[in-house]
Amino acid sequence: MGERLAGAEKEVLVEIVRFTQKNGLKGTEGGWKDFLALNDKKYGVSVSDPKKRAKDVLLAFLVTFSKDFQKYFSKLVRRHAERRAIEQYMNEFSGKISPEQLVQLTTEHTEYRKNYYFPSYQEGWKIVRIGKLANSMNSGAMLAIDCEMVLCNDGTEAVVRVCVVDSKLEVKLDKLVNPLKAVADYRTNITGVSKKDLEGVKFPLVDVQKSLKKLLAKGKILVGHSLYRDLYVLKFDYSRVIDTAYIFQYANLPTTASASLNSLCKSVCGYTLREEGKPHDCLKDAEAAMNLVTAKLKHGFNDPIEIAENSVPESDQMKLLAHRIPVYLPSQELLKILSGNPSIEEKIDSRIRGEFYSTCILFKDIDEAEKAFDELDGQETKDTSGRLQKSVLLKRDNGDVAGFFVRKMVYSSRPNNTDVSKKRPEPTDNGEQKREDVDGDKPKRQRTSKKHGKKAKTLAVE
């Protein structure tokens, strides 16, 4: 296990260290900054960007984790090697567009590493290996998937229906799933699934995972729209994927934005997937994702696609993004200033950068999200993509006041920066100031703590 890490390229180790930071993971000597403070007398945490540290320093930190975590880190190394192999394959066999090129397009997207690095070291996750990569790449076999999720009492989401079709749109799996925990909101107006539909359903998540593993034998490619959301709720870590939200270019959306499945079907395939206000059909959504891939393979669609203004998936319109939140402020406290009955979405959309983090706030429907934003007390501005946001203040029980931003998810085709206050640096879309370094830390020197018993050492800086 250690040999795989030791043989990895430095850029891969940098990714893994950043992953530990993002998820708050700690080894026997604490987190990344704790490790630096303990072991580097000269620089301490003043140079905390992993990219600026030597490879042996990164390795020394990663080996402080348990064997289970090192096994997971080795999986990330293996995934990187698979991506490199696909790139080499595509260079050798350039020509007509292939499913492998779409896999590569997905992995090269700016949002891929943020969304597809799953916490599969946690209990209940299934990690599926793809076997011999060469055999998988030559087959090009594909399956498309879509899931419907409900909101549970504990604030998490659970899958209640899963559908899988092959490239000929033949149904390979169509199952209602028992969430095995109390449901707070069935979201029937979106999912099309009611409490009555699930009465007597015994098919659990673990059986879904087994079925998927069997269907994906020999490294078949898994297709879906914003597929990481489905994989997250399925607790299913799989690397050979095509995300239809990532394989098209958009003429009037930011690079980090994606169009809804319905909008893409209109623009690419020429049909309306569902009428406004109608619930989702899990099977039709899986078929639509496969149709988009088929159209991409057949016609290319290399030029940017014009998407209708404010085209955002319904599930995203039910959210508000809170960003530039001080790390000392617990996410649950954000709910105090919002009307309705909101909840904090799971960590998949949370990002921690230095002294700040961001997270999504979920509402029961679009109207509740709109009302909560309108009733927020704060200065209204626009971000660089034209999305409305408010600068808000929250008074804590201890008397402290914390400030952060709450932003709508809807985009405008014409960014407008004129309304942004000039009294403070303009926050970027993901909640970070541009003057911060890539690790999210301001380049200030900090003293090494004297509490540690071990003698601090000087670690190499590059």
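Predicted model, so just to flag it, every value in this text is computed and none were measured.

Our focus in this paragraph is the overall build of the protein. Within the protein, the secondary structure is distributed over 15 helices and 15 strands. Here the protein, with 462 residues, has 54% of them falling under the buried criterion. With the model as given, the accessible surface of the protein reaches about 22,300 Å², and the carbon-plus-sulfur share is 48%.

Relative to each other, helix H12 (residues 261-269) and helix H13 (residues 282-299) sit at 40°, their axes nearing to 10 Å. By the angle between their axes, H12 is oblique relative to H13. For the element pair H12 and H13, the recorded crossing hand is left-handed. Seen from H12, the contacting residues are Leu261, Leu264, Cys265, Val268 and Cys269; seen from H13, they are Asp285, Ala288, Ala289, Asn291, Leu292 and Ala295. Here the residues of the contact of H12 with H13 sort into nine nonpolar, one polar and one charged.

For the rest of this paragraph, the subject is the packing of aromatic side chains. Tallied over the full model, the rule gives 21 aromatic pairs. Ring geometry for Phe19 against Tyr72: centres 5.5 Å apart, planes inclined by 40°, an arrangement best described as tilted. Remark: Tyr72 occurs in helix H5 (residues 67-92) and Phe19 occurs in helix H2 (residues 10-22); sequence separation between them is 53 residues. Both residues of the pair, Phe19 and Tyr72, belong to the buried class. Geometrically, the ring pair formed by Tyr116 and Tyr246 is edge-to-face, given 6.2 Å between the ring centres and 75° between the ring planes.

Turning our eyes to something else, we now look at helix H6 (residues 99-108). H6 sits mainly inside the fold: seven of its ten residues count as buried. Within H6, the full set of buried residues consists of Pro99, Glu100, Leu102, Val103, Gln104, Thr106 and Thr107.

What follows is about the side chain of Thr64. Along the chain, Thr64 falls in the loop between helix H4 (55-62) and H5. Thr64 gets classed as buried once you look at its relative accessible area, which sits at 9%. A polar contact of 2.5 Å, which involves the side chain of Thr64, links it to the backbone oxygen of Phe61. Apart from the residues within four sequence positions on either side, Thr64 is in contact with Gly27, Thr28, Glu29 and Phe35.

Chain-level statistics for the protein give a pLDDT mean of 81 and a share of 79% at 70 or above. Here residues 347-351 is modelled with pLDDT under 50, and outside its nearest four sequence neighbours on either side it reaches 17 contacts, counting other chains as well. When the criterion is pLDDT under 50, residues 413-456 qualifies, and its contacts beyond four places in sequence or with other chains add up to 83 contacts.

One way to put it is that helix H3 (residues 32-39) packs onto H4 with a least axis distance of 10 Å and a crossing angle of 110°. Considering their axes alone, H3 and H4 lie roughly perpendicular with respect to each other. Every pair of crossing elements has a handedness; the one defined by H3 and H4 is right-handed. Across the interface between the two elements, Trp32, Phe35 and Leu36 of H3 pack against Val57, Leu58, Ala60 and Phe61 of H4.

This part takes up the pairing of strand S6 (residues 221-224). Neither face of S6 is open: one carries Ile221 and Val223, the other Leu222 and Gly224, and all of them are buried. Bridge count between strand S2 (residues 142-152) and S6: three bridges; the pairing is parallel. Each bridged residue has a counterpart across the sheet, and for Ala144 the counterpart in S6 is Val223. Alignment of S6 against strand S8 (residues 241-243), held across three bridges, turns out to be parallel. For Gly224, the partnering residue across the bridge sits in S8 and is Asp243.

Under the definition given, this model contains 15 salt bridges. Its salt-bridge partner being Lys408, residue Glu370 comes within 2.9 Å of it at the nearest N-O pair. Placement of the pair is Glu370 in helix H15 (residues 366-375) and Lys408 in strand S15 (residues 401-408), with a sequence separation of 38 residues.

Cut-offs applied
Residues numbered from 1 in each chain as written. Predicted model: local features only at pLDDT ≥ 70, side-chain atom pairs only at ≥ 80, totals over all residues. Heavy atoms only, no water. Helix = DSSP H or I, 4+ residues; strand = E, 2+ residues; numbered from the N terminus. Buried < 20%, exposed > 50% of the residue type's maximum accessible area, 1.4 Å probe, protein only. Areas by Shrake-Rupley, 256 points an atom, 1.4 Å probe, with all protein chains shown as cover. Axes fitted to C-alpha atoms, helices over the stretch in contact; angles between N-to-C directions. Parallel < 35°, antiparallel > 145°, perpendicular 65-115°, else oblique. Left-handed = near helix turned anticlockwise from the far one by under 90°. Contact = heavy atoms within 4.5 Å. Nonpolar A, V, L, I, M, F, W, Y, C, P; charged D, E, K, R; others polar. Phe/Tyr/Trp six-rings, centres within 6.5 Å; stacked < 30°, edge-to-face > 60°. Polar contact = N/O pair within 3.5 Å; in protein donor to acceptor, adjacent residues only side chain to side chain. pLDDT = per-residue confidence, 0-100. Pairing = 2+ DSSP bridges. Salt bridge = Lys/Arg side-chain N within 4 Å of Asp/Glu carboxyl O.

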